[in-house]
Each structure stands twice: as structure tokens, then as C-alpha cells.
Amino acid sequence: MPHQNPMQGILLKCASVAVFTVMAALVKATSETAAVPPGQQVFFRSLFAIPVILGWLAMRGELSVGLRTVRPIGHFYRGIIGTAAMALNFWALALLPFPEVTAIGYASPLLVVIFAAMFLGEDVRLFRLSMVGMGLTGVVIVLSPQFQTGGDDPYRTLGAVVAFGGAVTAALAQLFIRKLVQDERTSAIVFWFSVTSTLLGLATLPFGWVMPDATTAALLVGSGILGGVAQILLTSAYRFADASLVAPFEYVSMLLAIAIGWYVFAEAPTPVVLTGAALVILAGIMIIWRERRLGLERNRQRKAMTPQG
């Protein structure tokens, strides 16, 4: 069983969220400038993550053992679910503004909390659930304008449905990661996911890819490199903390999403979005504060039980 270190898991999760958010912005840019389809985006994001993983293993001196697996079927299912989540999210980015896709994606960590308690038997106590409830309230506030006007635009409605489907499949993928890390190396989990999603993305070639220009190709390659880094960070996070603990820190992406939406895609945040973002970020801060207090209390108890010489 991996060593538990909640604060390290939280920090790794936050770092992965920041990198994933920038990666998503690159993917959205390819949709807007060249209408790159989701399958092609998945292919580039996955293929160019592989050299990052191999370079990381070489730096650690683990290239000869880092890709071994004792659970190939587990990797297969994780790859299928993870690729579906990626493709749905990329599709949603082409249909909706960046902050809205980010907000709908916040359903994923909330679902992980529920799924982790149901399927993994993780202990989810009242305080953590109440903070997740606060985050859910923030998500609802952010999405309220979409619920009121989405029906007038079938593409926006489709985008909301697609984005929510991505959130559900992403939550399931995170549970597969949590199970895999009990027996598998982080490198093997990330590498075999990248291989699976590369092959699945390539399988969409007959359905219509586009020939990217130099700028679009650079964006696609960049998304792959950043995706590889972020995936390593994310998978590592689940080695150090319960899925139900680190999942709510997906919320820290809201500030970055707002900034990117404003400066890159000319999508100005509304007071409603800012209010919802404040709630979800507050929920994350409260969880960090609570975990720190519990950690200090456990340390005091251990010191009190240690015989004094």
C-alpha cells in the first residue's frame, strides 16, 4: 500500500491541475483556429506525452523497470475510460467557453468523493462532505446562466451534456488510478494510458482529420508535452492521499481558467462566475486547513504515546 502523505498529495494535485488547465487552453485554441477534431487532438496529446514519460524514467534511472505491469487488464479499462473522458472534454472545449467547460468539469471531483466511498470503501467524513457540498453550490452558481439560456442554443446544450459526460468518465478513471497505484508504478500507469489513448485517437483518422499549419501543429505538440507532465503529477498525487481528499482541489483551476478565458479567448467572467469560484476555492482552503489540524493532532498523539527516555 502506498505511503500516505495528504499534504504532498494535495500539492501534487494542485500542480497537475495548473498544467492541465494550460494544456486545455492549447487544445481549445486548435479547435478555434483550425477546427481540429477531438480524435486528432487526443492523438497528439497522447503521442507527445510518451517522450516526456520516457525522459522522466531515464532521469530516475528506472527505464528498465518503470514500464513493467502485473495488471494489463486494469490498464486496458483505465485507458478506455480515460480516453473517453479526454475526448469528451476536448469536444466540449470546441462547443462552450473555456470557463464554462471548467465549471462543468467540477462535477468530476464531487463524483469521485461519492464513488470512492461506494466502490473503494474510503472513509469520507462529515466535514469533507460538507466542504464538497459548498463546492457543489459554487458549481451550481457558475452554471445557473447556462441552465437558463442553454436551451436556446442547441450547440451550447450539447456542449453542456458532453462536458458532463466527460466529468463522469473522468471520475471513473480516477478510481481506476487509485486501484492501480496499489500494485503498479506511476510510470507504468501513465505510459500505458498514453499508448492506449494514442492508438484510440489514431483510430479516428478515417473520420476526418485536418492538416494543421505550423502554429496549430505546435499547439498540438505542446498539449501533448504538458499533458505528459500533468498526468505524472496527477497519478503521483493518488499515491499519497485518498481520492476523496485530493479530488476537490480540481477547483483551483477556476482562477486560471478565468484568466485564460479573459486574456486569450475574450471571455469575460461575470459576477456570477466570480461568486461561484469564490465558494469552490474557499471549500478547498477549508479542507487544507482541516487536514493540517488533523495532522498536527495525530503528531501530538504519537509524541504523547512515545516513551520518554
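Please read all numbers here as calculations on a predicted model, not as lab measurements.

About the cut-offs
Residues numbered from 1 in each chain as written. Predicted model: local features only at pLDDT ≥ 70, side-chain atom pairs only at ≥ 80, totals over all residues. Heavy atoms only, no water. Helix = DSSP H or I, 4+ residues; strand = E, 2+ residues; numbered from the N terminus. Buried < 20%, exposed > 50% of the residue type's maximum accessible area, 1.4 Å probe, protein only. Areas by Shrake-Rupley, 256 points an atom, 1.4 Å probe, with all protein chains shown as cover. 1 Å grid on protein atoms, 1.4 Å probe; cavity = no way out; pocket = protein on both sides within 12 Å on 5 of 7 lines; lining within 4 Å. Points joined across faces, edges and corners; volume = space filled by probe spheres on them. Nonpolar A, V, L, I, M, F, W, Y, C, P; charged D, E, K, R; others polar. Salt bridge = Lys/Arg side-chain N within 4 Å of Asp/Glu carboxyl O. Contact = heavy atoms within 4.5 Å. Axes fitted to C-alpha atoms, helices over the stretch in contact; angles between N-to-C directions. Parallel < 35°, antiparallel > 145°, perpendicular 65-115°, else oblique. Left-handed = near helix turned anticlockwise from the far one by under 90°. Phe/Tyr/Trp six-rings, centres within 6.5 Å; stacked < 30°, edge-to-face > 60°. Lys NZ or Arg CZ within 6 Å of the ring centre and 35° of its normal. Lys, Arg positive; Asp, Glu negative; His and termini not counted. Polar contact = N/O pair within 3.5 Å; in protein donor to acceptor, adjacent residues only side chain to side chain. Core = buried A, V, L, I, M, F, W, Y, C linked by side-chain atoms within 4.5 Å.

### Some words on the overall build of the chain
Piece 1. Within the chain one finds 13 helices and zero strands.
Piece 2. Scanning the chain from its N terminus toward the C terminus, one meets helices and strands in the order α-α-α-α-α-α-α-α-α-α-α-α-α.
Piece 3. For the chain, the residues scored as buried account for 47% of the 309 residues in total.
Piece 4. Carbon and sulfur atoms make up 70% of the accessible area of the chain, which amounts to about 14,500 Å² in all.

### Description of empty space enclosed by the protein
Piece 1. On inspection of all chains with the given rule, the structure shows one cavity of 30 Å³ or more.
Piece 2. Of the pockets and cavities examined, the largest cavity occupies roughly 720 Å³.
Piece 3. For the largest cavity, the lining is made up of 34 residues, of which Phe-20, Ala-85, Asn-89, Ala-170 and Glu-250 are closest to its centre.
Piece 4. Looking at the lining of the largest cavity, the elements that each hand over two or more residues are helix H1 (6–34), helix H4 (72–95), helix H5 (98–105), helix H6 (107–120), helix H8 (154–180) and helix H10 (214–240).
Piece 5. Taken together, the residues of the lining of the largest cavity break down into 19 nonpolar, 11 polar and four charged.

### What about the pattern of salt bridges?
Piece 1. All chains considered together, the criterion is met by two salt bridges.
Piece 2. With a closest N to O distance of 3.4 Å, Lys-28 and Glu-32 form a salt bridge. Here the residue Lys-28 and the residue Glu-32 both occupy positions in helix H1, the gap between them amounting to four residues, near one helical turn.

### Thoughts on the environment of Tyr-106
Piece 1. With respect to the helices, strands and loops of the structure, Tyr-106 is situated in the loop between H5 and H6.
Piece 2. The class of Tyr-106 is buried, set by a relative accessible area of 1%.
Piece 3. A sequence separation of 143 residues divides Tyr-106 from Phe-249, and the C-alpha atoms of the two residues are 9.5 Å apart.
Piece 4. Ignoring any residue separated from it by four or fewer positions in sequence, one finds Tyr-106 in contact with Val-139, Glu-250, Tyr-251, Ser-253, Met-254 and Val-280.

### Considerations on the packing of helix H3 (residues 50–60) against helix H9 (residues 186–202)
Piece 1. Between H3 and H9, the shortest axis-to-axis distance is 10 Å and the interhelical angle comes to 160 degrees. The pairing of H3 with H9 is recorded here as roughly antiparallel in orientation. In this structure, the crossing between H3 and H9 has a hand that is left-handed. Contact residues: Ile-50, Ile-53, Leu-54, Trp-56 and Leu-57 in H3; Thr-186, Ser-187, Val-190, Phe-191, Ser-194, Val-195 and Thr-198 in H9.
Piece 2. Across the contact of H3 with H9, the residue classes break down as eight nonpolar, four polar and no charged.

### A few points about the packing of aromatic side chains
Piece 1. Across all of its chains, the model carries seven aromatic pairs by this definition.
Piece 2. Between Trp-262 and Tyr-263, the aromatic rings sit 6.5 Å apart at their centres with planes inclined by 70 degrees, giving edge-to-face as the arrangement.
Piece 3. Through a chain of ring-to-ring contacts, three or more aromatic side chains come together here, namely Phe-43, Phe-44, Phe-48 and Trp-209.
Piece 4. A cation over a ring is seen here: Arg-78 above Phe-193, with NZ or CZ 4.0 Å from the ring centre.

### Some points on the environment of Arg-185
Piece 1. Position of Arg-185 relative to the elements: it lies in the loop between H8 and H9.
Piece 2. For Arg-185, a relative accessible area of 37% translates into the label partly exposed.
Piece 3. Considering only alpha carbons, one finds Arg-185 and Ser-236, 51 residues apart in sequence, at a separation of 9.3 Å.
Piece 4. Residues within four places of Arg-185 in sequence aside, it is in contact with Glu-62, Val-65, Gly-66 and Arg-239.

### Quick look at the side chain of Arg-78
Piece 1. Positionally, Arg-78 belongs in helix H4.
Piece 2. As a buried residue without a salt bridge, Arg-78 has its nearest oppositely charged side chain in Glu-184, at a separation of 11 Å.
Piece 3. If we ignore the near neighbours within four places in the chain, the residues touching Arg-78 are Ala-173, Phe-176, Ile-177, Leu-180, Ile-189, Phe-193 and Gln-231.

### Considerations on the environment of Thr-275
Piece 1. Within the secondary structure, Thr-275 sits in helix H13 (residues 271–305).
Piece 2. Classification of Thr-275 by relative accessible area gives partly exposed; the value is 42%.
Piece 3. When the C-alpha atoms of Thr-275 and Val-139 are compared, they prove to be 9.7 Å apart, with 136 residues separating the residues in sequence.
Piece 4. For Thr-275, the side chain forms a polar contact with the main-chain oxygen of Pro-271, separated by 2.8 Å.

### Remarks on the nonpolar core
Piece 1. In terms of nonpolar packing, the biggest core is built from 36 residues, with Phe-90, Leu-93, Phe-98 and Met-254 touching the most fellow members.
Piece 2. Elements represented by at least two residues in this core include exactly H1, H4, H5, H6, helix H7 (126–149), H8, helix H12 (253–263) and H13.
Piece 3. No other element matches H1, which puts five residues into this core.
Piece 4. Look past the residues within four positions of Met-254 in its chain and what remains in contact with it is Pro-99, Ala-103, Tyr-106, Val-142, Val-273 and Ala-277.
Piece 5. Ranked by size, the runner-up nonpolar core spans 14 residues in total, among them Met-131, Ile-177, Leu-234 and Ala-283.

Any functional reading would require information that these geometric values do not contain.
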